[in-house]
Structure formats: C-alpha cells, structure tokens
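# Summary of the model geometry
Below are the chains, spelled out letter by letter.
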Amino acid sequence: MKIDLHNHSYYSDGVLSPTEVVNLAKQEGCDIFSLTDHDTTDGLLEAQKQADEVGLKLVHGVEISAMWSNMTIHILGLNVDINNPIFQAGLKQHQDFRQLRAEKMARGLGGAGVFSALEKVKVVAKKGMITRTHFAQMLIQEGVCKDMRSVFKRFLTGKKPGGVGGQWAQFDEVIGWIHAAGGKAVLAHPLRYRMTNTKIKRLLSHLSGAGLDGVEVVTGSSSKDEITLVSQWATQFDLLVSSGSDYHGWPNQRTRIGRLHDMPNVNQTVWKDW
Ligand code: AMP
Ligand code: MN
Ligand code: MN
Ligand code: MN
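Residues numbered from 1 in each chain as written. Chains lettered and ligands numbered in written order. Predicted model: local features only at pLDDT ≥ 70, side-chain atom pairs only at ≥ 80, totals over all residues. Heavy atoms only, no water.

## Topic: the environment of Lys 92
With respect to the helices, strands and loops of the structure, Lys 92 is situated in helix H3 (residues 85–111). As for Lys 92 and Asp 39, which are separated by 53 residues in sequence, their C-alpha atoms are 8.1 Å apart. (Helix = DSSP H or I, 4+ residues; strand = E, 2+ residues; numbered from the N terminus.)

## Quick look at the domain arrangement of the protein
Domain parsing of the protein yields domain 1 (3–91 + 169–268) and domain 2 (103–156). Inter-centroid distance (C-alpha atoms) of domain 1 to domain 2 is 25 Å. Here domain 1 packs against domain 2, burying approximately 800 Å² in sum over the two surfaces, 68% of which is carbon and sulfur. Of all residues in domain 1, the largest losses of buried area upon contact with domain 2 belong to Tyr 10, Tyr 11 and Trp 250, amounting jointly to 56% of the total for that side. At the surface where domain 1 touches domain 2, the tally comes to zero salt bridges. One can count two residue pairs in polar contact (both at pLDDT 80 or more) joining domain 1 with domain 2. Taken together, the residues of the side of domain 1 that touches domain 2 sort by class into four nonpolar, four polar and two charged. (Domains from an automatic or database assignment. Buried area = accessible area lost by both parts, 1.4 Å probe. Salt bridge = Lys/Arg side-chain N within 4 Å of Asp/Glu carboxyl O. Polar contact = N/O pair within 3.5 Å; in protein donor to acceptor, adjacent residues only side chain to side chain. Nonpolar A, V, L, I, M, F, W, Y, C, P; charged D, E, K, R; others polar.)

## Brief notes about the layout of surface pockets
Space inside the largest pocket adds up to approximately 1,900 Å³. Forming the boundary of the largest pocket are 43 residues, of which His 74, Arg 132, Phe 152, Arg 192 and Arg 194 lie nearest the centre. Those elements that place two or more of their residues in the lining of the largest pocket are strand E3 (57–68), strand E4 (71–78), H3, helix H5 (132–141) and helix H6 (148–155). Here the lining of the largest pocket takes four residues from H6, the largest share from any one element. Class assignment for the residues of the lining of the largest pocket results in nine nonpolar, 22 polar and 12 charged. (1 Å grid on protein atoms, 1.4 Å probe; cavity = no way out; pocket = protein on both sides within 12 Å on 5 of 7 lines; lining within 4 Å. Points joined across faces, edges and corners; volume = space filled by probe spheres on them.)

## Topic: the packing of aromatic side chains
Enumeration over the complete set of coordinates arrives at two aromatic pairs. Taking 4.8 Å as the distance between ring centres and 85° as the angle between the ring planes, the aromatic pair formed by Phe 97 and Trp 168 counts as edge-to-face. Of this pair, Phe 97 sits in helix H3 while Trp 168 is found in the loop between H6 and helix H7 (171–180), placing the two residues 71 residues apart along the sequence. Residue classification places Phe 97 among the buried positions, given a relative accessible area of 7%. (Phe/Tyr/Trp six-rings, centres within 6.5 Å; stacked < 30°, edge-to-face > 60°. Buried < 20%, exposed > 50% of the residue type's maximum accessible area, 1.4 Å probe, protein only.)

## As for the pattern of salt bridges
Per the counting criterion, the structure on display carries seven salt bridges. A salt bridge links Arg 256 to Glu 28, with the nearest nitrogen and oxygen atoms 3.3 Å apart. Highlighted residues: Arg 256 in the segment after strand E7 (240–244) and Glu 28 in the loop between helix H1 (18–27) and strand E2 (32–35), separated in sequence by 228 residues. Judged by its relative accessible area of 15%, Glu 28 falls in the buried class. Here the residues in one salt-bridge network are Glu 28, Arg 256 and Arg 259, joined through shared partners.

## What about the sheet that holds E4?
Strands sit in the order E1-E2-E3-E4-E5-E6-E7 across an open sheet of seven strands; the sheet is mixed. Because the sheet does not close on itself, it has two edges, and the strands there are strand E1 (3–4) and E7. Strand direction decides the pairing type here: strand E5 (residues 184–187) and strand E6 (residues 214–219), joined by two bridges, are parallel. Each bridged residue has a counterpart across the sheet, and for Val 186 the counterpart in E6 is Gly 214. Contacts from helix H2 (residues 44–54) reach E2 and E3, with the element oriented near 155° to E3. (Pairing = 2+ DSSP bridges. Contact = heavy atoms within 4.5 Å. Axes fitted to C-alpha atoms, helices over the stretch in contact; angles between N-to-C directions.)

## Quick word on the pairing of E5
Where E4 and E5 come together, four bridges link them in antiparallel fashion. When the sheet's bridge partners are listed, Leu 78 is paired in E5 with Lys 184. Considered for its hand, the β-α-β crossover made up of E5, helix H8 (residues 197–209) and E6 is right-handed. (Right-handed = clockwise from strand over helix to strand, strands pointing away.)

## Observations concerning the coordination of the manganese ion (ligand 2)
At this site the manganese ion (ligand 2) is bound by Asp 13 (OD), His 38 (NE2) and His 248 (NE2), with donor distances of 2.2 to 2.3 Å. In terms of primary sequence, the donors binding the manganese ion (ligand 2) are separated according to D-x24-H-x209-H. The two metals, the manganese ion (ligand 2) and the manganese ion (ligand 3), are separated by 5.4 Å. Taken together, the residues Asp 13 in the loop between E1 and H1 and His 248 in the segment after E7 connect sequence positions 235 residues apart. Residue Asp 13 is classed as buried on the basis of its relative accessible area, which comes to 4%. (Donors = N, O, S within 2.8 Å, 3.2 Å for Na, K, Ca; no water.)

## Comments concerning H2
Taken together, the buried positions of H2 are occupied by Leu 44, Ala 47, Gln 50 and Ala 51. Buried residues of H2, viewed axially, fall in a sector of 125°; they line one side. Exposed side of H2, more than 90 degrees from the buried face: Leu 45, Lys 49, Asp 52 and Glu 53 are the residues found there. Those residues of H2 that are buried are in contact with H1, E2 and E3. (Arc of directions from axis to C-beta.)

Below, the structure written as structure tokens:
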C-alpha cells in the first residue's frame, strides 16, 4: 500500500493546484492520499472532484498551526468532516490571524527597506491565504535574498524584520476542533521543531494526555534511524503512526508525493480503519 497523508496545494504554500496534486498522487500510485493545506480546507472541493474523476481515495485533511509552551507546532487533522462548524470557526480564527500577521510582517519589512511588501506578497499568494513561504518567495523575487534558507534566517524568524510571534490557538483547543469534526489529530514532523529529544518526548506525552491520536513517523525527509526513533516514541506514548511527504512542489524541494520509506509499526497505523 502506498500512503501519503501530508501534502500542500496553492490553497496554502504549495505550488500546484489541488487537481494537479491529485493527478500526481494517482500517477505515483498512491492508494490513500490526503491534501493537508495550512489552516484551510478550501482546496478539498476541487481535490475531491479530481479524485473522483481519476479514482483516488482522498482523505480530507488540514495542517493546523498550534501553540505548545510558547512554540509553534503543526497538528494534522485527518479524515475530518469539513462541514463541522466548530472546526471551521477554529480555522477561520487562524485565517484572520494570518491576515493580521501579514500586515505586521510587511510593516517590519518596510522598516528594513522592503517597501509595499503586503501588496507584493498578495500577488504571490494565489488564494488569499498568506504564509511565510509566500513572503520568502517574494523576498527572493525582489532580489533581497538568494534562497529559502537564508530568507527565513535573515527575515522571517524571531526578532528579524519580518518575524512575528505565532498567536495560534493552544494545542488542546486545536485537538478539540479536529475531534469535533470527527478527525484524527496527528503531530506533524516531530523532528523538525528546534527541540531536544527530551523536549520532544515531553511534547508527545503532554499532547497524548490532551487526546492526540497519532504522530507522523515517516516524513519525506526522514532517515531510517529517525523513523526507528519516532516509531519507538509512538509505542511509548500509545500513539497511532502516520506517513506523509509534506510535498509542496517547490523546485528546490527534493520531496516527491508517495515516495516514502516503509512504516515499521504496521499494526497501529492511523489509516487502519479507513
Ligand atoms: P507559516 O505557517 O506561514 O508560519 O509558514 C510556515 C511554512 O514555512 C512551513 O510550513 C514551511 O513550508 C515553510 N518554512 C518554515 N521554515 C522554513 C525554512 N527554514 N526553509 C524553508 N521553508 C520553511
Ligand atoms: Mn508549508
Ligand atoms: Mn508543517
Ligand atoms: Mn506541511
């Protein structure tokens, strides 16, 4: 079985349309596939239409930003009912914060000599949802920075000109939205937060206590050792395991849809009942 439960379209910070992403998943031979844009489910209508067209099993998903201990983490909501009002009201809150944050970021960048940043970033963001990736793309286009890595470091984090702290909902609230919509809450890419292993285990223990269902064990950039490590944590904290590439389609991103290492804990997968 080929499973990929973490992917982006241009409804958030991916490059391709939902139709194109679904076509790629089908081409790669995915059996179960999920579109998980940041804080929005708006791309799923188009994705579902195309999935029906080509005969692909599409799981309705989302990747929600959340606060834990003053840090931003990402929680995937998988197999959600996108019509649930509690869930959508939560996402709306984050969409509103993204607009406000974009204005603040643009002001900060103005202070650093990058003018009309808000207008420029709106041209880059195809569907009105503004992410830091769009700011990064805009700053590279403007010749301010040469690549993604340096632009995040120099402009978009911490106390840098375009750095604005996350004011996302707390992790337990986000898990509540996902559960209200009947979905599974899965911690995305646990090794991508700047945390020591001790701290990640504290995070997993804390989230598990708040009802987290699973953890992403296999991601597009995972090594075999990393997969073994996270899969042991999943067992330790009694969590289901998930697998997803985090495909965005950026030219410099090597990740491909559906090209993932095997899952070790085959008996406790998040998709076992789907
Ligand atoms: P946001 O949710 O708007 O804060 O944007 C976060 C997104 O920016 C992540 O989902 C990544 O796709 C991207 N991102 C964050 N940090 C980096 C980085 N250092 N290099 C490239 N992309 C990054
Ligand atoms: Mn992203
Ligand atoms: Mn993420
Ligand atoms: Mn992602």
